[in-house]
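Spelled out from the first residue to the last, the chains are:
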Amino acid sequence: MADADLAAQPPVAIQARGLTRRYGDFVAVDRLDLTIRQGEVFGLLGPNGAGKTTTILMLLGLSQPSAGTARVLGLEPGREPLAVKRHVGYLPDEVGFYGSLSGRQNLRYTARLNDIPPKVAEPLIAEALERVGLSAAADQRVDTYSRGMRQRLGLADVLVKQPSIVILDEPTTAIDPAGVTEVLALVRALADEGVTVLLSSHLLHQVQQICDRVGIFVAGKLVAVGRMAELARQVGAQRMTVELATAGAPDVAAETVRAVAGVSDVRRDEREPDVLLVETEGDVRAQIAAALAAAGSPPVHLRRRGDGLDEIYARYFAVPEAEHDRPA
């Protein structure tokens, strides 16, 4: 990449090189290489036990790597955990608060721990509670909160610190659908304000909605990383499944499409009989559309199937590990 292109990119916020964590013979994180830039929302996606939380703990300095290095805003978490903590807000999967205190009192305690003077802290606390929708419940005891309310309070706790980086581990756990929409909008707003967000989740649709890039974790390895279109290309290679519908009869359209070079199979979609599923070698959608138009039956629906994150994710578990290309 040219020097001018590098200079135009935002600064690196999080970087890992060869980051590894072993527990005896078990490798929880295996030679992780990762770069996340300032203002980016990066989704770390994988099932339980894939290595996501272990990675987060190493980035926070709460777990020491067995090999490799990590840098957070240029700081080494293992040697400078307190310095990292000053700049990073972390919301774990299970949020802990003092139940006998109110939500506002818990946030005041957080402010004191971070040496934020009361005069500065009070407006920050009020704003954080407003942003997560807890203003009305701010002075209620936390032991009366639902789990979803505690999760919202955890987000407010992160915001009070005014962090440069926010790390969220399953941030929408137990939050109702309306609340999920608000939380995702908040995450996007933080990125727009220049905050870097690392979001660990197994909720594919939510990750796809707000993340600039996604990394897929399988058995401790980052097997794919990139934007959605890039991941689709990495997984799909040259083979494609195309959904097709025309204004004419499906059987007639199927015969036309079968004659197109690069088409290997055409079949009806079992769920939607009027939709044809076309298997191709390479992207021949333009040729399919042209052939149908020439036959007097132009397509009304023509799209590649499998670009959704859920389908991409599923394919990574269907492909043997040896076939995965390790990210550069």
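Data block above holds the structure.
Residues numbered from 1 in each chain as written. Predicted model: local features only at pLDDT ≥ 70, side-chain atom pairs only at ≥ 80, totals over all residues. Heavy atoms only, no water.

So, about the nonpolar core. Counting 48 residues, the largest nonpolar core has L153 and L168 as its most contacted members. The greatest single-element share of this core, amounting to seven residues, is contributed by helix α7 (residues 177-192). With residues up to four places along the chain from it excluded, the contact list for L168 reads L91, L155, V187, V197, L198, L199 and S200. In terms of nonpolar packing, the next biggest core, distinct from the first, is built from 26 residues, L32, I36, L59 and I167 among them. (Core = buried A, V, L, I, M, F, W, Y, C linked by side-chain atoms within 4.5 Å. Buried < 20%, exposed > 50% of the residue type's maximum accessible area, 1.4 Å probe, protein only. Helix = DSSP H or I, 4+ residues; strand = E, 2+ residues; numbered from the N terminus. Contact = heavy atoms within 4.5 Å.)

Below, the discussion takes up the layout of surface pockets. Its boundaries defined by the atoms lining it, the largest pocket holds a volume of some 610 Å³. The wall of the largest pocket is formed by 24 residues, among which K85, Y90, T110, D157 and K161 lie closest to the centre. Among the secondary structure elements, those contributing two or more residues to the lining of the largest pocket are α3 (81-87), β5 (88-91), α4 (103-113) and α6 (147-160). (1 Å grid on protein atoms, 1.4 Å probe; cavity = no way out; pocket = protein on both sides within 12 Å on 5 of 7 lines; lining within 4 Å. Points joined across faces, edges and corners; volume = space filled by probe spheres on them.)

Further remarks concern the pairing of strand β1 (residues 12-23). Across eight bridges, the pairing between β1 and strand β2 (residues 26-37) is antiparallel. Residue pairing in the sheet places V12 in a bridge with R37 of β2. Hairpin connection from β1 to β2: two residues lie between these consecutive antiparallel strands, with G24 at a positive phi of about 65°. As defined by bridge partners, β1 adjoins strand β4 (residues 67-72) across five bridges and the pair is classed as antiparallel. Paired with A16 across the strands is A70, a residue of β4. (Pairing = 2+ DSSP bridges.)

Let's shift gears to the side chain of T54. Note on placement: T54 falls in helix α2 (residues 52-59). Relative accessible area serves as the criterion here: at 14%, T54 is assigned to the buried category.

Enumeration over the complete set of coordinates arrives at one aromatic pair. Centre to centre, the rings of Y98 and Y109 are 5.5 Å apart; their planes meet at 85°, and the pair counts as edge-to-face. Taken as a pair, Y98 in the loop between β5 and α4 and Y109 in helix α4 lie far apart in primary sequence, 11 residues in all. Y98 gets classed as partly exposed once you look at its relative accessible area, which sits at 46%. Here the guanidinium or amino end of R21 rests over the ring plane of Y23, the centre of that ring lying 4.3 Å away. (Phe/Tyr/Trp six-rings, centres within 6.5 Å; stacked < 30°, edge-to-face > 60°. Lys NZ or Arg CZ within 6 Å of the ring centre and 35° of its normal.)

Where helix α5 (residues 118-131) meets α6, the closest approach of the two axes is 9 Å, and the angle between their N-to-C directions is 140°. The handedness of the crossing between α5 and α6 comes out as right-handed. Of the residues in α6, those touching α5 at L124, I125, A128, L129 and R131 are L153, A156, L159 and V160. A breakdown of the residues in the contact of α5 with α6 according to their chemical character gives eight nonpolar, no polar and one charged. (Axes fitted to C-alpha atoms, helices over the stretch in contact; angles between N-to-C directions. Left-handed = near helix turned anticlockwise from the far one by under 90°. Nonpolar A, V, L, I, M, F, W, Y, C, P; charged D, E, K, R; others polar.)

Time to look at α2. Most of α2 sits out of view: six of its eight residues are buried. Taken together, the buried positions of α2 are K52, T54, T55, I56, M58 and L59. Positioned one or two residues after α2, G61 has a phi angle of 80°, which is positive.

This part covers the sheet that holds β1. Taken together, three strands build an open sheet; the order of strands is β2-β1-β4 and the sheet is antiparallel. Among the strands making up the open sheet, the edge pair consists of β2 and β4. Here the strands of the sheet are splayed against their neighbours by 15° on average, with no regard to which way each runs. Sheet contacts for α2: β1, β2 and β4; angle to β1, the most-contacted strand, approximately 115°.

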